[in-house]
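Analysis of the macromolecular model
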Amino acid sequence: MLSPLREHLRDTFWFAPSAALALVCVLWLLAHWLDTAVVDELRRQQEYEAISDLIGVVDDLKTVVTTVSSAMMTFIGVVFSISLVAVQMASGLTPRVVRIFVRSRITKLTFAVFLSTFALSLLVLTSYSGETDPRRVDSVPVIQSVLTIVMVALSLLLFIAYVNATLRLMRVGHVVDRITTEAFRVLHKMPRGAIDEAELPGESGQVGHSGRAGLLRDVNIARLVRAARRQDVVLRLIPRIGDFVVPGTPVLAVHGGRAPSRGALGYTVSVGVERTFHQDLGFGLRQLGDIALRALSPAVNDPTTAVQCLDRIVQLLAALAHRPLGSVGHRDRQGVVRLVQPVPSWGDFVDLGFAEIRIFSIGSPQVTRRLMSALDELLRLAPPERAEPLLRHRALLVQAVERTVPESAERAFALEGDRQGIG
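Presented here is an overview of the structure given in this document. The shown structure was predicted, so the numbers you read here are calculated from the model rather than taken from an experiment.

Some words on the overall build of the protein
Tallying secondary structure elements over the protein gives 14 helices and eight strands in all. Computed over the C-alpha atoms, the radius of gyration of the protein is 29 Å, more than 25% above the 22 Å expected from 2.2 N^0.38 for a compact globule of 423 residues. On the principal axes, the C-alpha backbone points of the protein span a range of 95 × 60 × 35 Å. Relative to its full complement of 423 residues, the protein shows a buried share of 47%. At a minimum sequence separation of 6, the contacts of the protein that also span at least 24 residues come to 80%. With 46 positive and 40 negative side-chain charges, the protein shows a spacing of 6 Å between the two charge centroids.

This is the structure:
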């Protein structure tokens, strides 16, 4: 697996606009060089009439470029305001979904192109000299002006796409779908083979965390595998991704030899203030559970949203039902396991998906009916050895409904499985 640098950059909002500004400066320099080369070639061929025609075209385009430079910042302000409103509305589902907007490619691309268009228009304005004598003019910014108009057209197209994408992300169904898609992306990246930690060589040491305190966001798997291969050892990650670590917390156990040097292990463990999807298998279920809990709160009272979240929780758990869980191994080029990473067990995933929703769903028959249907469906899909946590949650749900709902008819209705809750 590659370094998580790309994922970290996706969690920032400065990189894409900064890279776009640098790129547009390079494009402007290239366009300026081409404009100068065209004028030099026409002067060499003594095509002064053609140069005069170019000067006339540029004079007409200058009005457009000037208008673009003055209006683009206002346009950027409108887009920024739309983003703030969308983020505020999305945070009503759960604060953790705000990162979807931060990572949105269309949002970053729109801001990057808008800022680049503004910067390009300012740079092009500096190229207008006001000289009208074709024998004395050095450069006529025709290509630069056309490039600015192309950037304006691209900005308008991106604005339409951005508004459409933002309106979609303000709808809970699309947010839930985006969370599920990212969760499956993490699932597909994880190795499929489970590792029995009892078969590892004896533990010969531990490496403590030396950075700032925070949530373990991800580890640089490729760098850790290389360090373990050079030292001919096996490294085992002690905390799970998403655990909170403080300076001195053991993060790596060394099996089979001496620990790699601090330099070899530098920049291999990343902590932050919030969890990310990059290597966190349980983060998708955590977000879906948070949205469902917020929907079930008395202030919101939206059981249909909770049912939508349960649909996706069932989808994720069904994909995990036959997958080996517990600890996964990352191998070097020779196929030797060099890094062992703990992941939640099947019981952990089931508890994460159902425990809190089950507790807060009592009194909402739409949700209890969907829960019964979800548990029954997973009992049919999961291997027999993984039925215990599902049966436990089913029994607890039945007990809670029987204890809370006095009428037998209401109890029977609330415990009848229904894929739509109350269709």
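A word on the pattern of salt bridges
Taken as a whole and judged by the stated rule, the model has 17 salt bridges. One salt bridge connects Glu203 with Arg236, and the closest N-O pair in it is separated by 3.0 Å. Placement of the pair is Glu203 in strand β1 (residues 203-208) and Arg236 in strand β3 (residues 234-237), with a sequence separation of 33 residues. Classification of Glu203 by relative accessible area gives partly exposed; the value is 42%. Overall, the relative accessible area of 14% leaves Arg236 in the buried class. Between Asp232 and Arg338 there is a salt bridge, with the nearest N and O atoms lying 3.3 Å from each other.

Section: the pairing of strand β7 (residues 327-331)
The buried fraction of β7 is high, at four of five residues. Here β7 pairs with strand β8 (residues 337-342) via five bridges, running antiparallel. Bridged to Arg331 within β8 is Val337. Connecting the antiparallel pair β7 and β8 is a turn made up of five residues, with Gly335 showing a positive phi of about 85°.

Side note on helix α9 (residues 283-296)
Look at α9: 20 Å from first C-alpha to last across 14 residues, which is about the 20 Å you get at 1.5 Å a residue. Taking burial as the measure, the 14 residues of α9 include 13 buried ones, the bulk of the element.

Some points on the environment of Arg99
As for its placement among the helices and strands, Arg99 is situated in helix α4 (residues 98-102). When the C-alpha atoms of Arg99 and Glu274 are compared, they prove to be 9.8 Å apart, with 175 residues separating the residues in sequence. Look past the residues within four positions of Arg99 in its chain and what remains in contact with it is Asp11, Glu182, Arg275, Thr276, Phe277 and Phe283.

So, how was this worked out
- Residues numbered from 1 in each chain as written.
- Predicted model: local features only at pLDDT ≥ 70, side-chain atom pairs only at ≥ 80, totals over all residues.
- Heavy atoms only, no water.
- Helix = DSSP H or I, 4+ residues; strand = E, 2+ residues; numbered from the N terminus.
- Rg over C-alpha atoms; globule rule 2.2 N^0.38 Å.
- Buried < 20%, exposed > 50% of the residue type's maximum accessible area, 1.4 Å probe, protein only.
- Contact = heavy atoms within 4.5 Å.
- Lys, Arg positive; Asp, Glu negative; His and termini not counted.
- Charge placed at Lys NZ, Arg CZ, Asp CG, Glu CD.
- Salt bridge = Lys/Arg side-chain N within 4 Å of Asp/Glu carboxyl O.
- Pairing = 2+ DSSP bridges.
- Expected span 1.5 Å × (residues − 1).

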